[in-house]
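Topology and contacts: notes
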Amino acid sequence: QVQLVESGGGSVQPGGSLRLSCAASGSISSIYVMGWYRQAPGKQRELVAAISPGGTSNYADSVKGRFTISRDNAKNTLYLQMNSLKPEDTAVYYCKAERAWVANYWGQGTQVTVSS
């Protein structure tokens, strides 16, 4: 099984930056698609960005050009660099590891708040 722990959340002003990290307990690079999701109060959880074991990435339209997803295989860690943050980015951000048709693993989430 895979255990995931997010870190790096916090409060920033509009236009600021944060870097989220997700540390995995075991090897994920060869099998799992990794992703970042977010959920605001009263709303459904939505995909922010995802990256394949080979490094192919995709993003929600709302974050393209501002967020960058990456993975460090040596450290077995997933990252989300968030720049030019907006108030609408405020949410709890979750890390996910997916082995297609087999299993999904979720982290506990980390709060990101963007306000003046």
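My aim in this report is to walk through the structure given alongside it, one point at a time. (Residues numbered from 1 in each chain as written. Predicted model: local features only at pLDDT ≥ 70, side-chain atom pairs only at ≥ 80, totals over all residues. Heavy atoms only, no water.)

Here we come to the overall build of the protein. Regarding its fold elements, the protein presents 0 helices and 11 strands. Secondary structure elements in the protein, listed N-terminal to C-terminal, are β-β-β-β-β-β-β-β-β-β-β. Over its C-alpha trace the protein gives a radius of gyration of 13 Å, about what one expects of a compact globule, namely 13 Å for 116 residues. Among the 116 residues that make up the protein, the fraction classed as buried is 41%. Here the contacts in the protein between residues at least 6 apart in sequence split such that 53% fall between residues at least 24 apart. Within the structure as shown, the protein displays about 6300 Å² of accessible surface, and the carbon and sulfur contribution to it stands at 47%. Of the charged side chains in the protein, 11 are positive and 7 negative; the average position of the first set lies 3 Å away from that of the second. (Helix = DSSP H or I, 4+ residues; strand = E, 2+ residues; numbered from the N terminus. Rg over C-alpha atoms; globule rule 2.2 N^0.38 Å. Buried < 20%, exposed > 50% of the residue type's maximum accessible area, 1.4 Å probe, protein only. Contact = heavy atoms within 4.5 Å. Areas by Shrake-Rupley, 256 points an atom, 1.4 Å probe, with all protein chains shown as cover. Lys, Arg positive; Asp, Glu negative; His and termini not counted. Charge placed at Lys NZ, Arg CZ, Asp CG, Glu CD.)

Moving on, we come to the side chain of Arg71. Along the chain, Arg71 turns up in strand E7 (residues 67–72). It is Asp72 that comes nearest to the buried, bridge-free Arg71 among opposite-charge side chains, at 9.1 Å. Here the side chain of Arg71 touches Tyr32 through a polar contact of 3.3 Å, landing on its backbone oxygen. A distance of 3.0 Å separates a polar side-chain atom of Arg71 from the backbone oxygen of Ser52. (Salt bridge = Lys/Arg side-chain N within 4 Å of Asp/Glu carboxyl O. Polar contact = N/O pair within 3.5 Å; in protein donor to acceptor, adjacent residues only side chain to side chain.)

Here we take up the nonpolar core. Residues Leu4, Met34, Trp36, Leu80, Met82 and Tyr93 are the most contacted members of the largest nonpolar core, which totals 28 residues. Contributions of two or more residues to this core are made by strand E3 (18–24), strand E4 (33–39), strand E5 (46–51), E7, strand E8 (77–82), strand E9 (91–99) and strand E11 (110–114). (Core = buried A, V, L, I, M, F, W, Y, C linked by side-chain atoms within 4.5 Å.)

Moving on, we come to the environment of Gln108. Its place among the elements puts Gln108 in the loop between strand E10 (103–106) and E11. Accessibility expressed as a relative area gives 48% for Gln108, which makes it partly exposed. Residues Gln108 and Lys96 lie 12 residues apart in sequence; the distance between their C-alpha atoms is 9.9 Å.

Here the focus is the sheet that holds E7. Read from one edge to the other, the open sheet built from 4 strands follows the order E1-E3-E8-E7, with strand pairing classed as antiparallel. Each edge of the open sheet carries a strand with a single partner, namely strand E1 (4–7) and E7. Here the strands of the sheet are splayed against their neighbours by 15 degrees on average, with no regard to which way each runs. In this structure, E7 lies alongside E8, joined through 6 bridges in antiparallel fashion. (Pairing = 2+ DSSP bridges. Axes fitted to C-alpha atoms, helices over the stretch in contact; angles between N-to-C directions.)

Applying the stated criterion to the full structure yields 1 disulfide. Across the disulfide from Cys22 sits Cys95; the S-S distance is 2.1 Å. For the disulfide bridge between Cys22 and Cys95, the dihedral angle about the S-S bond is near -75 degrees, and by the sign convention the bridge is left-handed. Residue Cys22 is found in strand E3, and its partner Cys95 is found in strand E9; the two are separated by 73 residues along the sequence. (Disulfide = S-S within 2.5 Å.)

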